[in-house]
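Secondary and tertiary structure notes
Residues per chain are reported as follows:
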Amino acid sequence: MSHTPTLIFDVLIDDCLASLSGCLVNPSENKHLLCMYNDFEDGKWRQSKFHNFIWDNIALTALSAREREALGTRSNSQLVEAAKNLRLTDIEGDDPGKGSELAEIALYAIMHHHFGALPVVPKIFYKQNSQDNVKGADSVHIVATVDDYTIWLGEAKFYNSIKNARLDKIVESVEDTVSTLKIKKDNAIITNLQDLDKCVANVDLCKKIREELSSDSPLDGVKQKLHIPILLLHECEITQGVTELSDEYLEGLKTFHLDRANSYFSKQLKALSSTVYKYQKIMFHLILFPVPKKDSIVRRFLTKATFHQQEGNSNDAE
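Before going into details, it helps to say that this report is about the structure given with it. (Residues numbered from 1 in each chain as written. Predicted model: local features only at pLDDT ≥ 70, side-chain atom pairs only at ≥ 80, totals over all residues. Heavy atoms only, no water.)

For the rest of this paragraph, the subject is the overall build of the protein chain. Looking only at helices and strands, the protein chain features 14 helices and nine strands. Across the 318 residues in the protein chain, those meeting the buried criterion constitute 54%. Of the roughly 14,500 Å² of accessible surface on the protein chain, 47% is carried by carbon and sulfur atoms. (Helix = DSSP H or I, 4+ residues; strand = E, 2+ residues; numbered from the N terminus. Buried < 20%, exposed > 50% of the residue type's maximum accessible area, 1.4 Å probe, protein only. Areas by Shrake-Rupley, 256 points an atom, 1.4 Å probe, with all protein chains shown as cover.)

This is the structure in structure tokens:
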């Protein structure tokens, strides 16, 4: 199954860590770094382009496959219905991790447009409609080929800093995601939902996925098909300090992100390599996306989400 990337942002780095000059992590063959960036217009970072990306793709995680199919090209209806399923409870206040729902949407969009992934578990939809947080990964995807697949269990964070002190928390989250209990839980969610049948058109492949991810099958074989994308949307001082794209800006961003990748994966290697069975068989993808100011992005997202929620509630009341 071929896929032509349609990501609207430019990619600065997209490579195995072992292939990058300056890699300080060993072993690093199962670690990948993807860095992307937004552009500028009239001396300003294009915030509207970023928000359009979020809202153009919100249905991937906030609506079920059945709802997406039913609403079809009715884009405004999709926005209203998707907004209803946003919790927004982590948007307000001083929590340094606030904005996680926005990060989850961004990860679903990146998975779809860059990796060609299928959103077999729209996590925001099932969190809201079960009236409980669906524990496990922040995103659950299948990347399908003609006759095989890989499973992607993602983590998504939106931080105002990705300094070393913040990285420990991310390692803890990833360690939880790749625990046997959580992988089995996410596998069970995949196989128990009808979204898989709607997303994977190949009936034989769909059957194969259900069989291999069933609770009766050993997890060891699945781990060689397991990918862990880790999206860190993050406030970036380098991005704050520029008004246009330049070679100097991109080189500075590249150096900074490689440094962050070395720091993160060094911590992850130390914490997980001896405790996670078949650690070297799992592929980890660190995805870094810099923004100039986190708070303004979160506030703008909240304003639009609240508007669409009120629009939906108003329609329901009529």
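Working note: regular strand, side chains alternate between the two faces of the sheet. When you tally the buried positions in strand β6 (residues 139–144), you get six out of six residues, the bulk of the element. Burial along β6 is two-sided: S139, H141 and V143 and V140, I142 and A144, pointing in opposite directions, are all buried. Strand direction decides the pairing type here: strand β5 (residues 118–121) and β6, joined by two bridges, are antiparallel. Bridging across to β6, V121 finds its partner in V140. Note that β6 and strand β7 (residues 149–159) share six bridges and pair antiparallel. In the sheet register, V140 faces β7, and the bridge partner there is L153. The antiparallel pairing of β6 with β7 creates a hairpin that spans four residues between the two strands. (Pairing = 2+ DSSP bridges.)

Along β7, 11 of the 11 residues are buried, which leaves the element largely enclosed by surrounding structure. Judged by which residues are buried, β7 turns out to be covered on both faces: Y149, I151, L153, E155, K157 and Y159 on one side and T150, W152, G154, A156 and F158 on the other are all buried. Bridge count between β7 and strand β8 (residues 226–235): seven bridges; the pairing is parallel. Each residue of the ladder has a partner; that of K157, found in β8, is L232.

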